[in-house]
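Single-letter residue listing:
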Amino acid sequence: VSTLVLYIFQDYLSGYAVSLEKDYLAKLTKQLKMENGKKRPNKKIIEKLNENVEEIQGNQAVVDNIRDNIIKLCFVHRFKDSDEGIRTESMVHLATWIETNPEYFMKVTYLKYFGWLLSDSSIDVRLQVLKSLPDIIKASHHSSMVDNPAIRQFFERFKSRILEIATLDVDTDVRIGAVNVLTE
């Protein structure tokens, strides 16, 4: 239960971090740039905007620290849990984090967990990994990075395993999932 609570909290933090960046920091930065671009910029407004930007950046740093701690203290241990349900939930939530905030999570550091669990003994875990990968690939196309090196590195490392699953896995649904990943 505690693992799932932390994962759900991480789901929220990922969305909140994106909101901080897009809804607040980007707007404040734009306002600051516009004010500085004026012939006679108002120093009090500039000072207030700078304070707000610093506050938002401080909030981002706190959120990033909490997210890193959840990964280090919970996820890293639970993704290899003896309970296949916990391993499956770990992959569901990691996929959610990547889709919600690809700029932060779309890195080899996080994608490797999907690759490692392609060899999981549980059919359900392998199937969940293969169901998540197409959405992650789509998220990489929608992020600011057109050619995502993390996705490329992931497939360089794990393409042979996905091909092996597509042709040799004992479960038909897992084989179909692997084919879907390869065609994405």
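Residues numbered from 1 in each chain as written. Predicted model: local features only at pLDDT ≥ 70, side-chain atom pairs only at ≥ 80, totals over all residues. Heavy atoms only, no water.

Trainee: Would you mind showing me how to read the overall build of the protein chain here?
Mentor: Counting secondary structure elements, the protein chain contains 8 helices and 0 strands. Put simply, the protein chain runs from its N terminus to its C terminus through helices and strands in the order α-α-α-α-α-α-α-α. Expressed as lengths along the three principal axes of its C-alpha atoms, the size of the protein chain is roughly 70 × 35 × 20 Å. A burial count over the protein chain gives 43% of its 184 residues as buried. Contacts spanning at least 24 positions in sequence make up 68% of the contacts within the protein chain whose residues lie at least 6 apart. (Helix = DSSP H or I, 4+ residues; strand = E, 2+ residues; numbered from the N terminus. Buried < 20%, exposed > 50% of the residue type's maximum accessible area, 1.4 Å probe, protein only. Contact = heavy atoms within 4.5 Å.)

Trainee: How should I be thinking about the environment of Lys112 in this particular structure?
Mentor: Examined against the element boundaries, Lys112 turns out to sit in helix H5 (residues 108-116). Separated by 88 residues in sequence, Lys112 and Tyr24 place their C-alpha atoms 32 Å apart.

Trainee: Even after reading the chapter, I still don't get the environment of Val18, so can you show me in this structure?
Mentor: Take Val18: it is sitting in helix H1 (residues 2-37). For Val18 and Lys48, which are 30 residues apart along the polypeptide, the C-alpha to C-alpha distance reads 23 Å.

Trainee: Help me out: how do you make sense of the nonpolar core in this one?
Mentor: Across soluble globular proteins, nonpolar side chains have a tendency to be buried as a group. The biggest cluster of nonpolar side chains holds 38 residues, and the ones touching the most others in it are Phe75, Met91, Leu94, Leu111, Phe114, Leu133 and Ile136. When residues of this core are traced back to their parent elements, those giving at least two are helix H2 (43-78), helix H3 (84-100), helix H4 (102-105), H5, helix H6 (123-142), helix H7 (149-168) and helix H8 (172-183). The residues touching Phe75, leaving out its near neighbours within four places in the chain, are Tyr7, Ile70, Ser90, Met91, Leu94, Trp97 and Tyr113. By size, the runner-up hydrophobic cluster in this structure holds 12 residues, among which are Ala17, Ile46, Ile56 and Val63. (Core = buried A, V, L, I, M, F, W, Y, C linked by side-chain atoms within 4.5 Å.)

Trainee: Would you explain a nonpolar patch on the surface in this entry?
Mentor: On the surface, a nonpolar cluster with roughly 510 Å² of combined accessible area is contributed by Leu6, Phe9, Tyr12, Tyr16, Val62 and Ile66. Elements with a minimum of two residues in the nonpolar patch: H1 and H2. Looking at which element gives the most residues to the nonpolar patch, the answer is H1, with 4 residues. (Patch = residues over 30% accessible without salt bridge, like charges linked within 9 Å, V, L, I, M, F, W, Y side chains within 5 Å. Areas by Shrake-Rupley, 256 points an atom, 1.4 Å probe, with all protein chains shown as cover. Salt bridge = Lys/Arg side-chain N within 4 Å of Asp/Glu carboxyl O.)

Trainee: Can you walk me through the packing of H3 against H5 in this structure?
Mentor: A pair of packed helices is captured by two measures, namely the crossing angle of their axes and the spacing between those axes. Closest axis-to-axis distance for the H3/H5 pair is 11 Å, and the angle between their directions is 145°. Regarding H3 and H5, the two cross each other, and that crossing is left-handed. Residue-level inspection shows Met91, Leu94, Ala95 and Ile98 of H3 in contact with H5, the latter providing Tyr110, Leu111, Tyr113 and Phe114. Here the contact of H3 with H5 is built from residues that sort into 8 nonpolar, no polar and no charged. (Axes fitted to C-alpha atoms, helices over the stretch in contact; angles between N-to-C directions. Left-handed = near helix turned anticlockwise from the far one by under 90°. Nonpolar A, V, L, I, M, F, W, Y, C, P; charged D, E, K, R; others polar.)

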